[in-house]
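Residue-level structure breakdown
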Amino acid sequence: MPVYISGGEELLTAKITGEIDHHSSRWLRSDIDTAIMDNSPKKLRLDFSGVSFMDSSGVGLVMGRYKNMKERGGTLELVNMPKSIEKVMALAGMDRLLEEDKE
Amino acid sequence: MRTKKKTDNELKIIFPSLSENEGMARTAVGAFVAPKNPRLDELCDLKTAVSEAVTNCIVHAYRDGVGIIELFCKISGDEVTVKIKDRGSGIEDIKKAMEPLYTTCPGEERAGLGFSVMESFCDSVSVKSKPGAGTSVTLKKKLRQRL
């Protein structure tokens, strides 16, 4: 369940691939947080284009990264979210973080 | 295997409460339902609900160890029933546990949305639980008629 990190200080992009559940989220969390620590980005962009499944563990993952970025004075945006995943996010009101323009 | 009169198909899986089994459980339910030709969004909803229920067993019911999770699946006509049963810690207050955003482990990035997802992605969710004895969650979802 790899996550591809690109960019740096201005904008750090984490492209998540595969399935996000309770099992995979702990690895995703540590990979993304390590990249945040290394790059101290102003903006973190989570790209969901490669995600085939997500349950509410993904909501927890996003909430945690949102908090992490906020504490550092940065922002978080979510892009390329498939409809099925948006549905889970909407339950938590987290779809507000979605960028209108799909890439 | 003998099946009841109105039951088209049945499946039972027994597995230990290891987080790597979350994917197996929802995929098995998806594969079980697939021959009924469900719509993609229905299949996705059902898999998500199953994933939530199984995760609850792992994270809450067997919080301090590993126990057995039993999953029963049944298709009767166009209705899918999935029952997920554990013999773990049980739930003291089911009503409270089912409140959106309520979680007993706030430090662990659990969103507290498990039951909310099950309820909005299925037609019905029923929970039976006894503290110290275990919990069973029954999900029902009707597949839509197709032309």
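Let me sum up the structure you'll find in this document. (Residues numbered from 1 in each chain as written. Chains lettered and ligands numbered in written order. Predicted model: local features only at pLDDT ≥ 70, side-chain atom pairs only at ≥ 80, totals over all residues. Heavy atoms only, no water.)

1. Looking at the overall build of chain A
For clarity, the cut-off: Where helices and strands are cited, they refer to DSSP runs of H or I of at least four residues and of E of at least two residues respectively, numbered from the N terminus. Computation of the radius of gyration draws on C-alpha atoms, with the globule rule given as 2.2 Å multiplied by the number of residues to the power 0.38. Under the scheme applied here, a residue whose accessible area is under 20% of the maximum for its type counts as buried, over 50% as exposed, and between as partly exposed, the area being computed with a 1.4 Å probe on protein chains only. Here a residue-residue contact requires only that any non-hydrogen atoms of the pair lie within 4.5 Å. For accessible areas, the Shrake-Rupley method is used with a probe of radius 1.4 Å. Any residue's cover is judged against the shown protein chains and nothing else. Within this scheme the basic residues Lys and Arg register as positive and the acidic residues Asp and Glu register as negative, but His and the chain ends are omitted. Just so you know, the charge point we use is NZ for Lys, CZ for Arg, CG for Asp and CD for Glu.
When helices and strands are counted, chain A shows three helices and four strands. Along chain A, helices and strands appear, N-terminal first, in the series β-β-α-β-α-β-α. Expected size for 103 residues packed as a compact globule is a radius of gyration near 13 Å; at 12 Å, chain A falls within 12% of this value. Along the first, second and third principal axes, the C-alpha set of chain A runs to 30 × 30 × 25 Å. Put simply, chain A has 103 residues, and 50% of those count as buried. Contacts in chain A between residues at least 24 apart in sequence constitute 67% of all its contacts with a sequence separation of at least 6. Counting only carbon and sulfur atoms, one obtains 49% of the accessible surface of chain A, whose full area is about 5000 Å². Across chain A, the mean location of the 14 positive side-chain charges is 4 Å away from that of the 17 negative side-chain charges.

2. Here's the deal with helix H3 (residues 83-91) of chain A
Which entries qualify depends on this criterion: By definition, the arc is the one covered by directions from the helix axis to the C-beta atoms.
Every buried residue belonging to H3 of chain A is among Ile85, Glu86, Val88 and Met89 of chain A, and all of these are buried. On an axial view of H3 of chain A, the arc spanned by its buried residues comes to 160°, and they lie on one face. Those residues of H3 of chain A that are buried are in contact with strand S3 (43-54) and helix H2 (56-71) of chain A together with helix H2 (40-61) and helix H4 (114-121) of chain B.

3. Examining H2 of chain B
Selection criterion: Here the expected span of a helix is defined as 1.5 Å times the quantity of residues minus one.
If you check H2 of chain B, its first and last C-alpha atoms are 31 Å apart, about what 22 residues at 1.5 Å a residue would give, namely 32 Å. The buried fraction of H2 of chain B is high, at 18 of 22 residues.

4. Quick notes on the layout of surface pockets
Residues and elements named next belong to chain B. Put simply, the test is: Of the grid points, spaced at 1 Å and generated over the protein atoms alone, those admitting a 1.4 Å probe that cannot get out make up cavities, while open sets with protein on both sides within 12 Å along at least five of seven lines make up pockets; any residue with an atom within 4 Å of a point is treated as lining. Grid points are joined across faces, edges and corners, and a volume is the space filled by probe spheres set on the points. Any residue that is not Ala, Val, Leu, Ile, Met, Phe, Trp, Tyr, Cys, Pro, Asp, Glu, Lys or Arg is counted as polar, Gly included; the first ten are nonpolar and the last four charged.
In this model, the largest pocket occupies a volume close to 560 Å³. Lining the largest pocket are 31 residues; nearest its centre among them are Asn56, His60, Ile91, Ala97 and Phe115. Broken down by secondary-structure element, the contributors of at least two residues to the lining of the largest pocket are H2, strand S3 (79-86), helix H3 (94-97), H4 and strand S5 (134-142). Here the element with the most residues in the lining of the largest pocket is H2; it accounts for eight residues. Residue classes in the lining of the largest pocket are distributed as 13 nonpolar, eleven polar and seven charged.

5. A short note on the side chain of Asp45 of chain B
Relative to the assigned elements, Asp45 of chain B resides in helix H2. If we ignore the near neighbours within four places in the chain, the residues touching Asp45 of chain B are Lys87 of chain A together with Phe121 and Lys141 of chain B.

6. Regarding the nonpolar core
Heads up, the rule is: The set of buried Ala, Val, Leu, Ile, Met, Phe, Trp, Tyr and Cys residues whose side-chain atoms join them within 4.5 Å is what this entry labels a nonpolar core.
In this structure, Val33, Val54, Leu71, Val82, Ile84 and Leu139 of chain B are the most contacted members of the largest nonpolar core, which totals 34 residues. If you list the elements that add at least two residues to this core, you get strand S1 (9-16), helix H1 (21-33), H2, strand S2 (68-76), S3, H4, strand S4 (124-130) and S5 of chain B. If one sorts the elements of this core by residue count, H2 of chain B sits on top with nine residues. Other than its neighbours up to four places away in sequence, Val82 of chain B contacts Val29, Leu46, Val50, Leu71, Phe72, Cys73, Val137, Thr138 and Leu139 of chain B. Core analysis: the next-biggest nonpolar cluster, separate from the first, contains 31 residues, Leu44, Val62 and Met69 of chain A together with Leu113 of chain B among them.

7. What to know about the packing of H1 of chain B against H2 of chain B
All names here are of chain B. Rules: Between N-to-C directions, angles span 0 to 180 degrees; the directions come from axes that are lines fitted to C-alpha atoms, helices contributing only their stretch in contact. For any helix crossing, the convention is left-handed if the near helix is rotated counterclockwise from the far helix by under a right angle, and right-handed if that rotation is clockwise.
Interaxial distance between H1 and H2 falls to 9 Å at its minimum, and their mutual angle equals 145°. Here H1 and H2 pass one another in a crossing that is right-handed. From H1, Glu22, Ala25, Arg26, Thr27, Val29, Gly30 and Val33 reach across to H2, where they touch Leu43, Leu46, Lys47, Val50, Ser51, Val54, Thr55 and Ile58. Among the residues forming the contact of H1 with H2, the class breakdown is eight nonpolar, four polar and three charged.

8. Some thoughts on the interface of chain B and chain A
What counts, and what does not: Accessible area that two parts lose when put together, with a 1.4 Å probe and added across both, is what the buried area reports. The working definition used for a salt bridge is a side-chain nitrogen of Lys or Arg within 4 Å of a carboxyl oxygen of Asp or Glu. Identification of polar contacts relies on pairs of N or O atoms within 3.5 Å, with a donor-acceptor requirement for protein atoms, meaning one able to donate a hydrogen and the other able to accept it, and with residues adjacent in sequence counted only if both atoms are side-chain atoms.
Every contact between the two is made by 24 residues of chain B and, on the other side, 22 residues of chain A. Summing the contributions of chain B and of chain A, the shared interface buries around 1800 Å²; its carbon and sulfur component is 55%. Taken together, chain B and chain A are joined by three salt bridges. Residues Arg26 of chain B and Glu19 of chain A are paired through a salt bridge, measuring 2.7 Å at the closest nitrogen-oxygen approach. Remark: the boundary between chain B and chain A carries eleven residue pairs in polar contact (both at pLDDT 80 or more). Contributions of two or more residues to the side of chain B that touches chain A are made by H1, H2 and H4 of chain B. The element that contributes the greatest number of residues to the side of chain B that touches chain A is H2 of chain B, accounting for nine residues. Across the side of chain B that touches chain A, the residue classes break down as seven nonpolar, eight polar and nine charged.

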